[in-house]
Amino acid sequence: MSKTANNTAVNSFNSNHSLYDQFRPSFTPILVNPFLVELGLADQKGDKFTFKTDKKIVEIACGTGKFTKNLIDNGWISNLTVVEPSKGMLETFQKNFPQIENVINASSYKIPLEDNSVDAVLIAQGFHWFADDESLKEINRILKKGAKLGLIWNFDYSSPSQDSNAEDSKFYNDGSRYFNNLDQKGNNQRVFENFFGNQKWNEEVTKYIWGFDVNVPQYRHGKWRQVLLNNNYFKKDISDSFALYDKLTSKEDVWKYWETRSYITDLSIDKKEKIKEHVETIIDTYANPDSYDPETKLLIKPMVLHAVVVTVNK
Ligand SMILES: C[S@@+](CC[C@H](N)C(=O)[O-])C[C@H]1O[C@@H](n2cnc3c(N)ncnc32)[C@H](O)[C@@H]1O
C-alpha cells in the first residue's frame, strides 16, 4: 500500500485555508520567470520571457493556488494539472481559479497520471512535507526523460536548507534595501544570516515561533536537501537561486502571518493568544526607528524566495 499525506498537514490546511490564502506571501516573477526558463518551460530574450504553454506541467501540493497564480498568469490552463490532498485547500483553490479543470485530490504518493507523460513538476512551499524516496519515485515515474523538478519556497531566516555555495548560486534583487551590501561569498547559510541580521525584531520573532515546530517537517530543517543529495530518482546536481525582498507589514499582520503555520494552527486558542502577546512584546522590544519603512511607517521584514531545480534520472 502506498504512503498517505502527513495528517498534521492535511488537518491544519483543511481548517485554515482562507487565512493561509490571505497571509502567506506570493512568488515574485523576478525569480519565477528565470526558474521557468531553467525548467524548460520558458525562453528569455533580454528582459522578455515567452512561456511554452504547450508543455504539460503538474503542480503537486498546489494548496490554495498561491504559486499556481504565476503559472495561470503566464498562460497555462489546459496543460496544467494540480494535485492536492487537502479538500479544504482545494475548496479555496477552486474559488480562486475556476478555469482550471485538471484538479486532482491526491497526494505525492499516488498520482493518477501516465508514466513518462509530464514535461515538468513544480512544488511550491510543500516538498518538505513529502521529501522521501516514495514521492521522488512517483514523480520520476510521471516525468519524461530529461525533464525537471522545480521546488520553490519563501523563507524567513537562514538554515541548513541553504547549505550551498554562494558562488554557485544565482541572486536576484526584488527591491531589498539590503541587497547592495550583501556579501555573496562562502556558504549561503552565512550570507542569509547577515541578510536577516538587518532586522533584529524579525530574527527574534522567527526564532521564538520556530520553538513550536518540534514534530512537523519544515523547509528550514533541510532534510529535503539531504534527500535530494541521496536518492536514485533525480540527478545529484542541485541548482539554487534566491530572490531577496523586504516585505512591509503591520505589527498585527506579523502575528497573522505566523498563525498560518501548521504547527501554530493546531494549538489551542488560549495558547495561541499567549504566543500572539509574546510576539508583540518581542516586536516592541527589538524594533527601532530603522525597523520601519520611512514612507509607509510599516515594519520591514527581510524575506527570501528560494528556487531549486533538479533533473530526473531516467
Ligand atoms: C504550505 S502548503 C503550500 C501550498 C501552496 N503550494 C502554496 O505555495 O501556498 C503545503 C501543502 O502541501 C500539501 N501536502 C502535504 N503533504 C502532501 C503530499 N504528500 N502530497 C501532496 N501535497 C501534500 C498540503 O496539503 C498543503 O496544501
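To start, this report covers the structure provided alongside it.

So, how was this worked out
Each chain has its residues counted from 1, following the order in which its sequence is written. Totals for whole chains, interfaces and linings use every residue, but because this is a predicted model, local features are given only for residues with pLDDT of at least 70 and side-chain atom pairs only at 80 or more, for both listing and counting. Each helix is a run of DSSP H or I of at least 4 residues and each strand a run of E of at least 2, with the numbering of both proceeding from the N terminus. In this setup the radius of gyration rests on C-alpha atoms only. A globule is expected at 2.2 Å times the number of residues raised to 0.38. Exposure classification rests on a simple neighbour count of other C-beta atoms within 10 Å of a residue's own: a residue reaching 20 or more is buried, one at 12 or fewer is exposed, and one in between is partly exposed. C-beta atoms are placed from the backbone. Should DSSP find at least two bridges between two strands, the strands are regarded as paired. Being near a molecule or strand means, for a residue, that its C-beta atom, positioned from the backbone, comes within 6 Å of it. Under the scheme applied, nonpolar residues are Ala, Val, Leu, Ile, Met, Phe, Trp, Tyr, Cys and Pro; charged residues are Asp, Glu, Lys and Arg; polar residues are all the others, including Gly. By the criterion used throughout, residues are in contact when their C-beta atoms, derived from the backbone, lie within 7 Å. Viewed with both strands pointing away, a crossover whose connecting path from the first strand over the helix to the second turns clockwise is right-handed. The arc in question is traced by the directions running from the helix axis to the C-beta atoms. Axes here refer to lines fitted to C-alpha atoms; in helices the fit is confined to the stretch in contact. Angles between the N-to-C directions go from 0 to 180 degrees. Roughly parallel covers angles under 35 degrees, roughly antiparallel covers those over 145, roughly perpendicular covers 65 to 115, and oblique covers all other angles. Crossings are sorted by hand: turned counterclockwise from the far helix by less than a right angle, the near helix makes the crossing left-handed, and turned clockwise it makes it right-handed.

1. Here's the deal with the overall build of the protein
A count of helical and extended segments in the protein gives 12 helices and 10 strands. In terms of C-alpha radius of gyration, the protein reaches 19 Å, essentially the compact-globule figure of 20 Å for 314 residues. A buried classification covers 40% of the 314 residues belonging to the protein.

2. Focus: the pairing of strand 9 (residues 239–249)
Where strand 8 (residues 170–173) meets strand 9, four bridges bridge the pair, whose relative direction is parallel. In the sheet register, Lys170 faces strand 9, and the bridge partner there is Ser241.

3. Observations concerning the site of the ligand
Near the ligand you find 24 residues, and of these Ala61, Gly63, Lys66, Ser108 and Phe130 are the closest. If one sorts the elements of the shell around the ligand by residue count, helix 1 (residues 7–15) sits on top with three residues. Taken together, the residues of the shell around the ligand break down into 14 nonpolar, seven polar and three charged.

4. Here we look at the environment of Leu244
Mapping Leu244 onto the fold places it in strand 9. Look at Leu244 and you get buried, because 24 C-beta atoms sit within 10 Å. For the pair Leu244 and Ile269, spaced 25 residues apart in sequence, the C-alpha to C-alpha distance is 34 Å. Beyond its immediate sequence surroundings of up to four residues, Leu244 is in contact with Asn173, Asp174, Ser176, Phe179, Phe195 and Val304.

5. Some thoughts on the pairing of strand 3 (residues 57–60)
The side-chain alternation of strand 3 yields two buried faces, one formed by Ile57 and Glu59 and the other by Val58 and Ile60. Across four bridges, the pairing between strand 3 and strand 4 (residues 80–83) is parallel. Residue pairing across strands places Ile60 opposite Val83, the latter belonging to strand 4. A crossover connection joins strand 3 to the parallel strand 4 through helix 4 (residues 68–73); in handedness this β-α-β unit is right-handed. Inspection of the sheet shows strand 3 paired to strand 6 (residues 118–124) by four bridges, in the parallel sense.

6. Comments concerning helix 8 (residues 200–210)
Residues spaced three or four apart along an α-helix face the same direction, because each turn holds 3.6 residues. Three or more residues of helix 8 are buried, namely Trp201, Asn202, Val205 and Ile209. For helix 8, the angular spread of the buried residues around the axis is 95°, confining them to a single face. Where helix 8 is buried, its residues meet helix 7 (188–196), helix 10 (251–259), helix 12 (269–286) and strand 10 (299–311).

7. Examining the sheet that holds strand 8
Strand order in this open sheet of eight strands is 5-4-3-6-7-10-9-8, and the pairing throughout is mixed. With one partner strand each, in any of the chains shown, strand 5 (103–104) and strand 8 form the two edges of the open sheet.

8. Considerations on helix 3 (residues 29–38)
Looking only at helix 3, the buried set comprises Leu31, Val32, Phe35 and Leu36. With its buried residues spanning 130° around the axis, helix 3 presents them on a single face. In the stretch just after helix 3, Gly40 is the one whose phi turns positive, near 80°.

9. Examining unusual backbone geometry
Positive phi, close to 50°, is recorded for Asn116, a residue that is not glycine. If you trace the backbone, Asn116 turns up in the loop between strand 5 and strand 6. Unusually for a residue other than glycine, Gln125 sits at a positive phi of about 55°. The residue Gln125 is located in the loop between strand 6 and helix 6 (133–142) in this model. Given 20 C-beta atoms within a 10 Å radius, Gln125 is considered buried.

10. Regarding the environment of Leu31
Mapped onto the fold, Leu31 is located in helix 3. Among the residues examined, Leu31 registers 24 C-beta atoms within 10 Å and is labelled buried. C-alpha of Leu31 to C-alpha of Ile152: the two residues are 121 residues apart in sequence and 9.8 Å apart in space. Every residue in contact with Leu31, bar those within four places of it in the chain, is listed here: Tyr172, Ser241, Ala243, Leu305 and Ala307.

11. A word on the packing of helix 8 against helix 12
Closest axis-to-axis distance for the helix 8/helix 12 pair is 8 Å, and the angle between their directions is 155°. Here helix 12 runs roughly antiparallel to helix 8, going by the angle between their axes. Crossing hand, helix 8 versus helix 12: right-handed. Together, Lys200, Trp201, Glu204, Val205 and Tyr208 of helix 8 and His278, Val279, Ile282, Ile283 and Tyr286 of helix 12 make up the contact between the two elements.

By themselves, these observations are geometric and do not establish any function.
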